[in-house]
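Commentary on secondary and tertiary structure
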Amino acid sequence: MNEIVKLSEMRQGFCPVDHPTVKMGRVGVLLVNLGTPEGTDYWSMRRYLKEFLSDKRVIETSRLLWWPILNLIILTKRPGPKGRDYASIWNNERDEGPLKTITRAQAEDLAVHLKAVAGDKVTVDWAMRYGKPEMRERIHALLEQGCDRILLVPLYPQYAAATSATVCDQAFRALMDMRWQPAIRVSPPYHDDPVYIDALVTSMKRDLAKLPFEPEVVLVSFHGVPKEYLLKGDPYHCQCVKTWRLMREAFGLPPDKFRMSFQSRFGGDEWLQPYTDKTVEALAESGIKRMAIVAPGFSADCLETLEELDVENREIFMHHGGEQFAYLPCLNDSEEGMRVIRHIAERELQGWI
């Protein structure tokens, strides 16, 4: 039911006539991605990095050790260089990071699709775990529109405590302050979903066909996490490996032609290996002249793909003897990408619409 309903009417007059009017009966879908700073200046970057790196799911180091490192070193030195990196990929027309532009487009496309499926019963919104739009704000916005059932869709194909779990943490923190909590569903990771694998392979084959060269090696790069997280029981590594294996089998390539690696490490601890930058360097030094790289763990292009892979790793490859390098875009809001998000939403909304 989409109209405003009085609880007293719902309960046939057993409630006081002055019972507050509420909205109810709608279903909300909230797409959530990692986040992006509000600007590329020092203070915008500092605020974003502080929120992100203060999350105990992201950095599990003792707070007594981490607090001085974060506040006295990292938040002093990193905002400037990171701001310049963001500036190189910034959507200047909208004055926002590309992750925000793409996530908004994904939500708008999904809203059109679900309206055709369920009419006006479903409201689709989007949020960022760090930065804006804030999850708490968008959950409240859905409630104000009468959504007493909300599906959270963390846009991470592979589960990690530092990504998927912290989305749930933030959502449940918002619920803790609510007298009338909505029913919540959380879509599970989709690392081995056939629709996701097919979308990746279809998109890659299309993009590879456009290249003026044939890569000798395709490198599949996933975001890294500290190795300690794997040893504590995080399933992320295993899910990344399975995604890579299913992609490789679909392409029909041997492991030496279709490799995998992990990127974006920082600090002195060991992270999941092999490392992307070291792998790219080794490929070039081994005589590989043509390569392509893709990042299937990202549902939307962002700093880690557009700058780290397409710029930094391109430079590494060329500097060590490579000649032709291609970065293949994420699924984003392409037809293949939206096929995955529509599939997940419709599957998890069963029984609600």
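Structure report, in brief. (Residues numbered from 1 in each chain as written. Predicted model: local features only at pLDDT ≥ 70, side-chain atom pairs only at ≥ 80, totals over all residues. Heavy atoms only, no water.)

**Some thoughts on helix α4 (residues 79-89)**
For the record, the criterion: Accessible area is worked out with a 1.4 Å probe on protein chains only. A residue is then buried under 20% of its type maximum, exposed over 50%, and partly exposed in between. Only runs of H or I of at least four residues qualify as helices and only runs of E of at least two qualify as strands under DSSP, and these elements are numbered from the N terminus. What the arc covers is the set of directions going from the helix axis to the C-beta atoms. Contacts were defined at the residue level, with two residues in contact if any of their heavy atoms lie within 4.5 Å.
Inspection of α4 places Pro79, Gly83, Asp85, Tyr86 and Ile89 among the buried residues, and these make up the whole buried set. Angular distribution of buried residues about the axis of α4 spans 160 degrees; they occupy a single face of the element. Exposed side chains of α4 directed beyond 90 degrees from the buried face belong to Arg84 and Ser88. Against β3 (26-36), α2 (42-53), α3 (63-77), α5 (98-118) and α12 (303-306) lie the buried residues of α4.

**Topic: the sheet that holds strand β8 (residues 258-263)**
To keep things clear, this is the line we draw: For two strands to be treated as a pair, DSSP must find at least two bridges joining them. Axes here refer to lines fitted to C-alpha atoms; in helices the fit is confined to the stretch in contact. Angles between the N-to-C directions go from 0 to 180 degrees.
Spatial strand order, β8-β7-β9-β10: 4 strands in an open sheet with parallel pairing. Each edge of the open sheet carries a strand with a single partner, namely β8 and β10 (324-328). Along the sheet, successive strands turn relative to each other by an average axial angle of 25 degrees, direction set aside. Strand direction decides the pairing type here: strand β7 (residues 217-223) and β8, joined by 6 bridges, are parallel. For Val220, the partnering residue across the bridge sits in β8 and is Met260. Running over the sheet, helix α8 (residues 194-210) touches β7, β8, β9 (290-294) and β10 and is turned about 145 degrees from β10. Docked against the sheet, helix α10 (residues 236-251) engages β7 and β8, running at close to 155 degrees with respect to β8.

**Thoughts on the pattern of salt bridges**
The line we're drawing: The working definition used for a salt bridge is a side-chain nitrogen of Lys or Arg within 4 Å of a carboxyl oxygen of Asp or Glu.
All told, the structure shown has 24 salt bridges when counted by the stated rule. Residue Arg339 pairs with Asp198 through a salt bridge whose shortest N-O separation is 3.2 Å. Residue Arg339 is found in helix α14 (residues 335-348), and its partner Asp198 is found in helix α8; the two are separated by 141 residues along the sequence. The exposure class assigned to Arg339 is partly exposed, which follows from its relative accessible area of 29%. Judged by relative accessible area, Asp198 falls into the partly exposed class, the value being 40%. A salt bridge links Lys227 to Glu270, with the nearest nitrogen and oxygen atoms 3.8 Å apart. You can see Lys227 sitting in helix α9 (residues 227-231) and its partner Glu270 sitting in the loop between β8 and α11 (276-285), a full 43 residues away along the chain. Residues joined in a network through salt bridges with shared partners are Glu60, Glu228 and Lys232.

**Things to note about the packing of α2 against α3**
Two measures define how a pair of helices packs: the angle their axes make with one another and the distance between the axes. As a reminder, the rule being used: To sort the angles, those under 35 degrees are grouped as roughly parallel, those over 145 as roughly antiparallel, those from 65 to 115 as roughly perpendicular, and the leftovers as oblique. Here a crossing is taken to be left-handed if its near helix is turned anticlockwise relative to the far helix by less than a right angle, and right-handed if that turn runs clockwise. Put simply, Ala, Val, Leu, Ile, Met, Phe, Trp, Tyr, Cys and Pro go in the nonpolar bin, Asp, Glu, Lys and Arg in the charged bin, and everything else, Gly too, in the polar bin.
Running from amino to carboxyl end, α2 crosses α3 at an angle of 165 degrees, the nearest separation of the two axes being 11 Å. Judged on the interaxial angle alone, α3 and α2 are roughly antiparallel. Between α2 and α3 lies a crossing of right-handed hand. Judged by residue contacts, Tyr42, Arg46, Leu49, Lys50 and Leu53 of α2 engage Arg63, Trp66, Leu70, Asn71, Ile74, Leu75 and Thr76 from α3. Along the lines of polarity and charge, the residues of the contact of α2 with α3 split into 7 nonpolar, 2 polar and 3 charged.

**Focus: the packing of α8 against α14**
For the pair α8 and α14, interaxial distance at closest approach is 9 Å and the crossing angle is 175 degrees. Regarding the angle of α8 to α14, the classification is roughly antiparallel. For the pair formed by α8 and α14, the contact residues are Val195, Tyr196, Asp198, Ala199, Thr202, Ser203 and Arg206 on the first element and Glu336, Arg339, Val340 and His343 on the second. Split by residue class, the contact of α8 with α14 holds 4 nonpolar, 3 polar and 4 charged.

**Brief notes about the side chain of Arg26**
The cut-off we apply is this: Only four residue types enter the charge count, namely Lys and Arg as positive and Asp and Glu as negative; His and the chain termini do not. Any pair of nitrogen or oxygen atoms within 3.5 Å is treated as a polar contact; in protein, a donor-acceptor pairing is required on top of that, and neighbouring residues in sequence qualify only through side-chain atoms on both sides.
Tracing the backbone shows Arg26 in strand β3. Of the side chains with opposite charge, Asp120 comes closest to the buried, unpaired Arg26, at an N-O distance of 6.1 Å. Within the structure, Arg26 has its side chain in polar contact with the backbone oxygen of Gln145 (distance 3.4 Å).

**Some words on the packing of aromatic side chains**
The criterion, for reference: Here a Phe, Tyr or Trp ring, Trp counted by its six-membered ring, pairs with any other such ring whose centre lies within 6.5 Å, and the pair is stacked when the planes are under 30 degrees apart, edge-to-face when over 60, and tilted otherwise.
Within this structure, the stated rule accounts for 9 aromatic pairs. The interplanar angle of 15 degrees and the centroid separation of 6.3 Å between the aromatic rings of Tyr48 and Phe52 together place this pair among those described as stacked. A residue pair is termed a helical-turn pair when its members lie 3 or 4 positions apart in one helix, as Tyr48 and Phe52 do in helix α2 at 4 residues. Taking the centre distance of 5.9 Å and the plane angle of 45 degrees together, the rings of Phe317 and Phe325 count as tilted. No difference in accessibility class separates Phe317 from Phe325, as the two residues are buried. Cluster of aromatic residues (ring-pair linked, three or more members): Tyr48, Phe52 and Tyr130.

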